[in-house]
2 protein chains.
Amino acid sequence: MLGLHLTAELGGCDAAAAAMTDAAALRALCVDAVRDAGLRPLGELFHAFGGDGGNGVTGMVLLAESHLAVHTWPELGAVTLDVFVCNRSVDHSGAARRLLDRVAAAFTPARVQRHELQRDLPRRPA
Amino acid sequence: MLGLHLTAELGGCDAAAAAMTDAAALRALCVDAVRDAGLRPLGELFHAFGGDGGNGVTGMVLLAESHLAVHTWPELGAVTLDVFVCNRSVDHSGAARRLLDRVAAAFTPARVQRHELQRDLPRRPA
């Protein structure tokens, strides 16, 4: 079984985008994007730092297919994204790329550095 | 700012390990390992599949330094691990490797495939 892990580092993002600093806005963006991509959310957890931790937000959505994780640094105009999907019986690679593109676009980044990692898992027990 | 993203695919794991199928056991393993590594947990979310989804567990711990994610497939003896840390003012790379090693060891894997990705983030606003 292959899993596909997509990462992206976004730079030059709109620091005024609600999802950069508002945990509820980032949660709504992520859950909507997961559903629109045809993936299945199992639950989610988002945290706004505040205080000495800056005003960024960090969060994740657990998926039946694996996970989405997002971390924002509004003071740097930066965001990181992770989408991991396991392609056991269905190839979710297209859905994973749509999900990443949709979440990234919400931050209107000037620069995007992307990486794709194929993660090989056993097809049967050892 | 550099972030370090560690991934591992574990094969030949002990399918009888509690953390393979029990969400509470996996949660305790992960949160204890985060604290022992000197990282700071902000919250966590774990889900046991059950039914048609198999008897695996999926979960994440949000960290002040970024995140830990774990997915188990007991029927395949397989586990995936992700540890992502941002090294903004302190280099958390050693703590990230200790965390991954500690969680991996709990599954007594016969095979471990590891990968390290350096993730470059802006040091200042665009």
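What counts, and at which threshold
- Residues numbered from 1 in each chain as written.
- Chains lettered and ligands numbered in written order.
- Predicted model: local features only at pLDDT ≥ 70, side-chain atom pairs only at ≥ 80, totals over all residues.
- Heavy atoms only, no water.
- Helix = DSSP H or I, 4+ residues; strand = E, 2+ residues; numbered from the N terminus.
- Expected span 1.5 Å × (residues − 1).
- Buried < 20%, exposed > 50% of the residue type's maximum accessible area, 1.4 Å probe, protein only.
- Contact = heavy atoms within 4.5 Å.
- Polar contact = N/O pair within 3.5 Å; in protein donor to acceptor, adjacent residues only side chain to side chain.
- Salt bridge = Lys/Arg side-chain N within 4 Å of Asp/Glu carboxyl O.
- Axes fitted to C-alpha atoms, helices over the stretch in contact; angles between N-to-C directions.
- Left-handed = near helix turned anticlockwise from the far one by under 90°.
- Nonpolar A, V, L, I, M, F, W, Y, C, P; charged D, E, K, R; others polar.
- Pairing = 2+ DSSP bridges.

Points about helix α2 (residues 23-36) of chain A
All names here are of chain A.
Next up, step 1: Taking 1.5 Å of rise per residue, the 14 residues of α2 would be expected to cover 20 Å, and the 20 Å separating its terminal C-alpha atoms lies within 8% of that figure.
Next up, step 2: Taken together, the buried positions of α2 are occupied by A23, L26, L29, C30, V31, A33 and V34.
Next up, step 3: Buried residues in α2 make contact with α1 (18-21), β2 (41-48), β3 (57-63), β4 (66-73) and α3 (93-105).
Next up, step 4: Measuring from the backbone nitrogen of A24 back to the side-chain oxygen at the start of α2 gives 2.9 Å, which picks out D22 as the cap.
Next up, step 5: Positioned one or two residues after α2, G38 has a phi angle of 85°, which is positive.

Regarding the pattern of salt bridges
Residues and elements named next belong to chain B.
Next up, step 1: As enumerated under the stated definition, the model contains 16 salt bridges over all chains in all.
Next up, step 2: The partner of E44 in a salt bridge is R27, and the shortest N-O contact between them spans 3.2 Å. Taken together, the residues E44 in strand β2 (residues 41-48) and R27 in helix α2 (residues 23-36) connect sequence positions 17 residues apart.
Next up, step 3: Of the residues examined, R27 reaches a relative accessible area of 31% and is grouped as partly exposed.
Next up, step 4: The closest approach of N and O atoms between R114 and D101, which form a salt bridge, is 2.6 Å. Of this pair, R114 sits in strand β6 (residues 111-120) while D101 sits in helix α3 (residues 93-105), placing them 13 residues apart in sequence.

Structural notes on the packing of α2 of chain B against α3 of chain B
Residues and elements named next belong to chain B.
Next up, step 1: Interaxial distance between α2 and α3 falls to 9 Å at its minimum, and their mutual angle equals 150°. As for how α2 packs across α3, the hand of that crossing is right-handed. Contacts between α2 and α3 pair L29, D32, A33, V34 and D36 from the former with L99, R102 and V103 from the latter.
Next up, step 2: A breakdown of the residues in the contact of α2 with α3 according to their chemical character gives 5 nonpolar, no polar and 3 charged.

Some points on the sheet that holds strand β5 (residues 78-87) of chain A
Residues and elements named next belong to chain A.
Next up, step 1: Read across the open sheet, the 6 strands follow the order β2-β3-β4-β5-β1-β6; overall the sheet is antiparallel. What marks the edges here is a single partner per strand, and that holds for β2 and β6 (111-120). For this sheet, the mean angle separating the axes of adjacent strands, direction not counted, is 10°.
Next up, step 2: Here β2 runs beside β3; their pairing, made up of 7 bridges, is antiparallel. Directly across from H47, in β3, lies its bridge partner T58.

Section: the environment of L42 of chain A
Next up, step 1: Following the sequence through the fold, L42 of chain A ends up in strand β2.
Next up, step 2: The exposure class of L42 of chain A is partly exposed, given its relative accessible area of 30%.
Next up, step 3: With 73 residues separating them along the chain, L42 of chain A and H115 of chain A place their C-alpha atoms 25 Å apart.
Next up, step 4: If sequence neighbours within four positions are ignored, L42 of chain A has contacts with L62, L63 and A64 of chain A together with H47, F49 and T58 of chain B.

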